[in-house]
Amino acid sequence: MSRYATIIGTGRYLPEHEITNETFAGWMNEVSPKLAEVVGKFEASSNIKTRFYAPEDWATSDLAVEAAKDALKDAGITPDQVDMIILGTDSPDYITPACSVVVQEKLGAKNAGTFDVGCACASFPTGLAIAAGFIATNPNLKYILVIGAYLMHRLADYKHDVLSFFYGDGAGAAVVAADDKPGFISSALFADGAYYKNWGIYAGGTAEPATIDNVTSGKTQVRLVTAFPPEVNNEGWPKRIREVAQNGNFAIEDIDFVIFTQVRLSSIELVMAELGLPLEKAHWIMDKWGYTGSACLPMAFDDARKLGKIKSGDLVVFIGSGVGYNQAAVAFRMP
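Analysis parameters
Residues numbered from 1 in each chain as written. Predicted model: local features only at pLDDT ≥ 70, side-chain atom pairs only at ≥ 80, totals over all residues. Heavy atoms only, no water. Helix = DSSP H or I, 4+ residues; strand = E, 2+ residues; numbered from the N terminus. Buried < 20%, exposed > 50% of the residue type's maximum accessible area, 1.4 Å probe, protein only. Axes fitted to C-alpha atoms, helices over the stretch in contact; angles between N-to-C directions. Parallel < 35°, antiparallel > 145°, perpendicular 65-115°, else oblique. Left-handed = near helix turned anticlockwise from the far one by under 90°. Contact = heavy atoms within 4.5 Å. Pairing = 2+ DSSP bridges.

K.L.:
Before we move on, can you summarise unusual backbone geometry with the specific residues and values?
P.N.:
Here Thr96 and Pro97 are connected by a cis peptide whose omega angle stands at 10°. In this structure, Pro97 sits in the loop between β4 (84-88) and α4 (99-107). A cis geometry characterises the amide bond from Gly324 onward to Tyr325, with omega recorded as -5°. In the Ramachandran plot, Asn47 falls in the positive-phi region, its phi being about 75° despite a non-glycine side chain. Structurally, Asn47 can be placed in the loop between α2 (33-46) and β3 (50-53). The residue Asn249 is not glycine, and still its phi comes out positive at about 60°. Structurally, Asn249 can be placed in the loop between α8 (236-248) and β11 (257-260). What makes Asn249 exposed here is its relative accessible area of 72%.

Listed below in C-alpha coordinates is the structure:
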(Lines give C-alpha, C1' and ligand atoms only; values in the text may rest on other atoms or scores of the structure.)
Protein backbone atom coordinates (compact mmCIF):
# COMPACT_ATOMS: atom_id res chain seq x y z
CA MET A 1 0.00 0.00 0.00
CA SER A 2 1.29 3.47 -0.88
CA ARG A 3 2.30 5.78 1.96
CA TYR A 4 1.69 9.51 1.76
CA ALA A 5 2.54 12.47 3.95
CA THR A 6 -0.16 14.74 5.31
CA ILE A 7 -0.21 17.64 7.79
CA ILE A 8 -2.32 16.79 10.84
CA GLY A 9 -1.42 19.57 13.25
CA THR A 10 0.19 22.99 13.50
CA GLY A 11 1.36 25.31 16.24
CA ARG A 12 3.26 28.49 16.95
CA TYR A 13 4.87 30.48 19.72
CA LEU A 14 5.20 34.24 20.00
CA PRO A 15 7.21 35.76 22.88
CA GLU A 16 5.54 38.29 25.16
CA HIS A 17 7.98 41.24 25.00
CA GLU A 18 6.67 43.62 22.33
CA ILE A 19 8.93 46.12 20.57
CA THR A 20 6.79 48.59 18.64
CA ASN A 21 8.04 50.68 15.76
CA GLU A 22 7.88 53.69 18.06
CA THR A 23 10.21 51.99 20.54
CA PHE A 24 12.56 50.89 17.77
CA ALA A 25 12.58 54.38 16.23
CA GLY A 26 13.55 55.75 19.64
CA TRP A 27 16.56 53.46 19.73
CA MET A 28 17.59 54.54 16.24
CA ASN A 29 17.10 58.21 17.08
CA GLU A 30 19.73 57.87 19.80
CA VAL A 31 22.15 56.73 17.08
CA SER A 32 21.05 59.19 14.40
CA PRO A 33 17.80 61.04 13.61
CA LYS A 34 18.24 59.91 10.00
CA LEU A 35 17.97 56.27 11.09
CA ALA A 36 14.73 57.06 12.89
CA GLU A 37 13.39 58.39 9.59
CA VAL A 38 14.37 55.12 7.89
CA VAL A 39 12.11 53.23 10.32
CA GLY A 40 9.08 55.02 8.86
CA LYS A 41 10.16 54.15 5.32
CA PHE A 42 10.65 50.50 6.29
CA GLU A 43 7.17 50.37 7.83
CA ALA A 44 5.61 51.79 4.68
CA SER A 45 7.33 49.30 2.38
CA SER A 46 7.06 46.18 4.55
CA ASN A 47 3.82 46.64 6.56
CA ILE A 48 5.74 45.69 9.72
CA LYS A 49 4.40 47.62 12.69
CA THR A 50 5.78 45.72 15.66
CA ARG A 51 7.79 42.67 16.68
CA PHE A 52 8.31 40.51 19.77
CA TYR A 53 11.53 39.53 21.56
CA ALA A 54 12.24 36.42 23.58
CA PRO A 55 13.60 36.75 27.14
CA GLU A 56 17.35 37.34 27.27
CA ASP A 57 17.96 33.98 28.93
CA TRP A 58 16.15 32.06 26.15
CA ALA A 59 17.71 30.35 23.16
CA THR A 60 16.17 29.41 19.80
CA SER A 61 15.49 25.89 21.07
CA ASP A 62 13.19 27.29 23.77
CA LEU A 63 11.02 28.99 21.15
CA ALA A 64 11.01 25.82 19.04
CA VAL A 65 9.90 23.65 21.96
CA GLU A 66 6.92 25.88 22.73
CA ALA A 67 5.75 25.82 19.10
CA ALA A 68 6.28 22.06 18.99
CA LYS A 69 4.12 21.56 22.08
CA ASP A 70 1.35 23.58 20.46
CA ALA A 71 1.55 21.56 17.23
CA LEU A 72 1.61 18.21 19.04
CA LYS A 73 -1.45 19.20 21.06
CA ASP A 74 -3.24 20.19 17.85
CA ALA A 75 -2.31 16.85 16.26
CA GLY A 76 -3.36 14.88 19.33
CA ILE A 77 -0.04 13.11 19.86
CA THR A 78 2.63 13.13 22.55
CA PRO A 79 6.37 13.87 22.29
CA ASP A 80 7.33 10.21 22.65
CA GLN A 81 5.32 9.40 19.51
CA VAL A 82 7.47 11.67 17.33
CA ASP A 83 9.79 9.67 15.07
CA MET A 84 11.82 12.57 13.70
CA ILE A 85 12.41 16.27 14.31
CA ILE A 86 13.46 18.48 11.40
CA LEU A 87 14.37 21.97 12.57
CA GLY A 88 14.93 24.92 10.25
CA THR A 89 16.76 27.96 11.59
CA ASP A 90 19.62 30.32 10.85
CA SER A 91 19.84 31.46 14.46
CA PRO A 92 20.74 28.16 16.18
CA ASP A 93 21.71 27.76 19.81
CA TYR A 94 25.23 26.69 18.80
CA ILE A 95 27.32 26.16 15.69
CA THR A 96 27.39 22.55 16.86
CA PRO A 97 25.63 20.47 18.21
CA ALA A 98 22.50 20.76 16.09
CA CYS A 99 19.66 22.82 17.52
CA SER A 100 17.24 19.97 16.79
CA VAL A 101 19.09 17.76 19.30
CA VAL A 102 18.58 20.37 22.01
CA VAL A 103 14.91 20.59 21.09
CA GLN A 104 14.55 16.81 21.31
CA GLU A 105 15.93 16.83 24.85
CA LYS A 106 13.88 19.81 26.05
CA LEU A 107 10.70 18.47 24.42
CA GLY A 108 11.15 14.95 25.75
CA ALA A 109 10.87 13.40 22.29
CA LYS A 110 13.08 10.50 23.34
CA ASN A 111 12.27 8.31 20.33
CA ALA A 112 12.96 10.90 17.64
CA GLY A 113 15.91 11.19 15.32
CA THR A 114 16.80 14.78 14.52
CA PHE A 115 18.62 17.07 12.13
CA ASP A 116 18.77 20.76 11.22
CA VAL A 117 17.97 22.35 7.86
CA GLY A 118 20.02 25.45 7.13
CA CYS A 119 18.18 27.18 4.28
CA ALA A 120 17.28 30.24 6.36
CA CYS A 121 13.72 31.31 5.49
CA ALA A 122 13.39 28.55 2.89
CA SER A 123 13.95 25.94 5.60
CA PHE A 124 10.32 25.20 6.48
CA PRO A 125 9.09 24.28 2.99
CA THR A 126 12.36 22.39 2.47
CA GLY A 127 11.71 20.54 5.72
CA LEU A 128 8.17 19.67 4.66
CA ALA A 129 9.47 18.19 1.40
CA ILE A 130 12.12 16.19 3.26
CA ALA A 131 9.57 14.90 5.76
CA ALA A 132 7.27 13.80 2.94
CA GLY A 133 10.11 11.90 1.31
CA PHE A 134 11.07 10.15 4.54
CA ILE A 135 7.49 9.08 5.21
CA ALA A 136 6.95 7.83 1.66
CA THR A 137 10.06 5.63 1.78
CA ASN A 138 10.29 4.50 5.41
CA PRO A 139 7.42 2.34 6.73
CA ASN A 140 8.75 2.69 10.27
CA LEU A 141 8.11 6.46 10.36
CA LYS A 142 4.67 7.70 11.33
CA TYR A 143 5.07 11.22 12.76
CA ILE A 144 7.62 13.87 11.81
CA LEU A 145 7.77 17.24 13.51
CA VAL A 146 8.90 20.08 11.21
CA ILE A 147 9.81 23.30 13.01
CA GLY A 148 10.93 26.76 11.96
CA ALA A 149 12.44 28.96 14.68
CA TYR A 150 14.03 32.42 14.73
CA LEU A 151 15.78 34.45 17.42
CA MET A 152 17.85 36.74 15.21
CA HIS A 153 17.63 39.83 17.39
CA ARG A 154 20.05 38.11 19.79
CA LEU A 155 22.60 37.86 16.98
CA ALA A 156 22.17 41.49 15.91
CA ASP A 157 23.23 44.89 17.23
CA TYR A 158 19.53 45.57 17.49
CA LYS A 159 19.69 48.93 19.27
CA HIS A 160 22.07 50.39 16.71
CA ASP A 161 21.52 48.56 13.39
CA VAL A 162 18.44 49.85 11.56
CA LEU A 163 18.13 46.54 9.64
CA SER A 164 17.11 45.00 12.97
CA PHE A 165 13.76 46.66 12.29
CA PHE A 166 12.81 43.45 10.49
CA TYR A 167 13.83 40.89 13.13
CA GLY A 168 11.10 39.45 15.30
CA ASP A 169 11.44 36.29 17.38
CA GLY A 170 9.10 33.33 17.13
CA ALA A 171 8.61 29.71 16.12
CA GLY A 172 6.13 27.62 14.20
CA ALA A 173 5.69 23.88 13.73
CA ALA A 174 3.74 21.27 11.82
CA VAL A 175 3.20 17.57 12.42
CA VAL A 176 3.56 15.57 9.20
CA ALA A 177 2.03 12.10 9.41
CA ALA A 178 1.78 8.97 7.30
CA ASP A 179 -1.57 8.47 5.57
CA ASP A 180 -3.10 6.38 2.81
CA LYS A 181 -4.36 9.51 1.02
CA PRO A 182 -2.06 11.97 -0.75
CA GLY A 183 -1.26 15.16 1.17
CA PHE A 184 2.14 16.09 -0.19
CA ILE A 185 1.92 16.78 -3.92
CA SER A 186 5.18 18.29 -5.17
CA SER A 187 8.16 20.50 -4.45
CA ALA A 188 10.53 22.85 -6.26
CA LEU A 189 13.91 23.99 -4.95
CA PHE A 190 16.32 26.58 -6.29
CA ALA A 191 19.49 28.34 -5.15
CA ASP A 192 21.85 31.04 -6.36
CA GLY A 193 25.07 30.97 -4.36
CA ALA A 194 26.35 34.09 -6.11
CA TYR A 195 24.54 36.00 -3.37
CA TYR A 196 26.17 34.27 -0.40
CA LYS A 197 28.14 37.38 0.56
CA ASN A 198 25.13 39.70 0.63
CA TRP A 199 23.74 38.99 4.09
CA GLY A 200 24.90 36.78 6.92
CA ILE A 201 27.04 36.23 9.99
CA TYR A 202 30.51 36.03 8.54
CA ALA A 203 32.76 35.47 11.55
CA GLY A 204 32.58 32.65 14.07
CA GLY A 205 32.77 29.75 11.61
CA THR A 206 35.67 28.05 9.86
CA ALA A 207 36.12 30.76 7.21
CA GLU A 208 36.84 33.26 9.97
CA PRO A 209 36.86 31.84 13.49
CA ALA A 210 35.80 34.14 16.30
CA THR A 211 38.57 36.38 17.66
CA ILE A 212 38.62 39.25 20.10
CA ASP A 213 38.98 41.67 17.19
CA ASN A 214 36.05 40.43 15.11
CA VAL A 215 33.80 40.06 18.13
CA THR A 216 34.62 43.62 19.18
CA SER A 217 34.04 44.94 15.67
CA GLY A 218 30.67 43.20 15.41
CA LYS A 219 31.61 40.72 12.70
CA THR A 220 30.08 37.86 14.68
CA GLN A 221 26.70 39.59 14.41
CA VAL A 222 24.30 39.47 11.49
CA ARG A 223 24.81 42.13 8.86
CA LEU A 224 23.53 43.14 5.46
CA VAL A 225 26.50 43.77 3.17
CA THR A 226 24.66 44.27 -0.14
CA ALA A 227 20.92 44.45 -0.61
CA PHE A 228 19.25 41.68 -2.58
CA PRO A 229 17.60 42.90 -5.79
CA PRO A 230 13.79 42.85 -5.56
CA GLU A 231 13.69 40.43 -8.49
CA VAL A 232 14.86 37.63 -6.17
CA ASN A 233 11.35 37.40 -4.70
CA ASN A 234 9.22 39.35 -7.15
CA GLU A 235 10.33 37.16 -10.06
CA GLY A 236 11.61 34.11 -8.19
CA TRP A 237 8.43 33.36 -6.26
CA PRO A 238 6.20 33.14 -9.36
CA LYS A 239 8.80 30.91 -11.03
CA ARG A 240 8.93 28.51 -8.07
CA ILE A 241 5.14 28.39 -7.79
CA ARG A 242 4.78 27.64 -11.49
CA GLU A 243 7.45 24.93 -11.13
CA VAL A 244 5.73 23.29 -8.16
CA ALA A 245 2.44 23.36 -10.10
CA GLN A 246 4.08 21.77 -13.13
CA ASN A 247 5.80 19.17 -10.95
CA GLY A 248 2.50 18.38 -9.25
CA ASN A 249 0.43 18.40 -12.45
CA PHE A 250 -2.00 21.06 -11.28
CA ALA A 251 -2.92 24.49 -12.62
CA ILE A 252 -2.20 27.79 -10.91
CA GLU A 253 -5.93 28.46 -10.68
CA ASP A 254 -6.29 25.21 -8.70
CA ILE A 255 -4.35 26.74 -5.80
CA ASP A 256 -6.61 27.55 -2.85
CA PHE A 257 -4.04 29.29 -0.65
CA VAL A 258 -0.42 30.49 -0.72
CA ILE A 259 1.85 30.97 2.31
CA PHE A 260 4.81 33.26 1.57
CA THR A 261 7.93 34.37 3.39
CA GLN A 262 6.65 37.24 5.51
CA VAL A 263 9.02 40.12 4.84
CA ARG A 264 7.16 42.59 2.60
CA LEU A 265 3.44 42.75 1.95
CA SER A 266 4.13 44.58 -1.32
CA SER A 267 5.94 41.50 -2.66
CA ILE A 268 3.00 39.25 -1.78
CA GLU A 269 0.60 41.63 -3.52
CA LEU A 270 2.78 41.81 -6.62
CA VAL A 271 3.27 38.05 -6.91
CA MET A 272 -0.40 37.20 -6.38
CA ALA A 273 -1.30 39.65 -9.13
CA GLU A 274 1.37 38.16 -11.40
CA LEU A 275 -0.10 34.69 -10.85
CA GLY A 276 -3.65 35.89 -11.41
CA LEU A 277 -4.73 34.82 -7.92
CA PRO A 278 -6.92 36.96 -5.65
CA LEU A 279 -5.11 38.45 -2.65
CA GLU A 280 -7.66 36.75 -0.39
CA LYS A 281 -5.85 33.49 -1.12
CA ALA A 282 -2.76 34.74 0.75
CA HIS A 283 -2.18 35.57 4.40
CA TRP A 284 0.26 37.90 6.13
CA ILE A 285 1.43 38.30 9.70
CA MET A 286 4.31 40.78 9.43
CA ASP A 287 2.04 43.64 10.49
CA LYS A 288 1.40 42.06 13.90
CA TRP A 289 4.50 39.91 14.53
CA GLY A 290 7.29 41.37 12.39
CA TYR A 291 9.56 39.34 10.15
CA THR A 292 10.19 36.06 11.94
CA GLY A 293 12.60 34.59 9.40
CA SER A 294 12.82 30.81 9.49
CA ALA A 295 9.63 30.75 11.57
CA CYS A 296 7.46 33.03 9.46
CA LEU A 297 5.97 30.42 7.09
CA PRO A 298 4.82 27.95 9.77
CA MET A 299 3.57 30.82 11.96
CA ALA A 300 1.57 32.29 9.07
CA PHE A 301 0.26 28.84 8.14
CA ASP A 302 -0.87 28.09 11.67
CA ASP A 303 -2.52 31.49 11.97
CA ALA A 304 -4.38 31.18 8.65
CA ARG A 305 -5.45 27.63 9.45
CA LYS A 306 -6.78 28.47 12.90
CA LEU A 307 -8.56 31.56 11.58
CA GLY A 308 -10.46 29.24 9.24
CA LYS A 309 -8.89 30.59 6.06
CA ILE A 310 -7.50 27.13 5.18
CA LYS A 311 -9.97 24.25 5.10
CA SER A 312 -10.01 20.52 4.51
CA GLY A 313 -9.39 19.68 0.87
CA ASP A 314 -7.59 22.96 0.12
CA LEU A 315 -4.49 22.92 -2.06
CA VAL A 316 -1.89 25.01 -0.23
CA VAL A 317 1.43 26.13 -1.67
CA PHE A 318 4.30 27.28 0.56
CA ILE A 319 7.02 29.47 -0.94
CA GLY A 320 10.08 30.59 1.01
CA SER A 321 13.23 32.57 0.29
CA GLY A 322 16.34 32.42 2.44
CA VAL A 323 19.66 34.24 2.30
CA GLY A 324 22.39 32.58 0.32
CA TYR A 325 20.10 32.51 -1.46
CA ASN A 326 17.76 29.52 -1.33
CA GLN A 327 14.17 29.26 -2.51
CA ALA A 328 11.77 26.39 -1.90
CA ALA A 329 8.15 25.73 -2.79
CA VAL A 330 6.01 22.80 -1.69
CA ALA A 331 2.38 21.89 -2.33
CA PHE A 332 0.09 20.01 0.07
CA ARG A 333 -3.56 19.01 -0.03
CA MET A 334 -5.09 19.57 3.39
CA PRO A 335 -6.70 16.51 4.99
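Now that the structure is up, let's keep going.
K.L.:
Help me get a handle on the packing of helix α3 (residues 60-75) against α4, residues and values and all.
P.N.:
For the pair α3 and α4, interaxial distance at closest approach is 9 Å and the crossing angle is 55°. Comparing their axes, α4 and α3 come out oblique. Regarding α3 and α4, the two cross each other, and that crossing is right-handed. Contacts between α3 and α4 involve Thr60, Ser61, Asp62, Ala64, Val65, Ala68, Lys69 and Leu72 from the former and Cys99, Val102, Val103, Lys106 and Leu107 from the latter.

K.L.:
Would you mind going over the environment of Thr292 in detail, with residue names and values included?
P.N.:
Topologically, Thr292 is positioned in the loop between α10 (286-289) and α11 (296-306). Excluding residues that lie within four positions of it along the chain, Thr292 makes contacts with Tyr150, Gly168, Asp169, Gly170 and Met299.

K.L.:
Describe the pairing of β3, naming the residues involved and giving the relevant values.
P.N.:
Here β3 shows no split at all, with Thr50 and Phe52 on one side and Arg51 and Tyr53 on the other all buried. Sheet topology note: the strand β2 (residues 17-20)/β3 ladder contains four bridges and is antiparallel. Each bridged residue has a counterpart across the sheet, and for Ile19 the counterpart in β3 is Arg51.

K.L.:
Got a sec to walk through the sheet that holds strand β8 (residues 184-191)? Specific residues and values, please.
P.N.:
Strand order in this open sheet of four strands is β8-β13-β12-β11, and the pairing throughout is mixed. Strands at the two margins of the open sheet, each flanked by one partner only, are β8 and β11. Averaged over all pairs of adjacent strands, the angle between strand axes in this sheet comes to 10°, irrespective of strand direction. Inspection of the sheet shows β11 paired to strand β12 (residues 315-322) by four bridges, in the parallel sense. In the sheet register, Phe260 faces β12, and the bridge partner there is Ile319. Of the strands in this sheet, β8, β11, β12 and β13 (326-333) are in contact with α8, which crosses β8 at around 140°.

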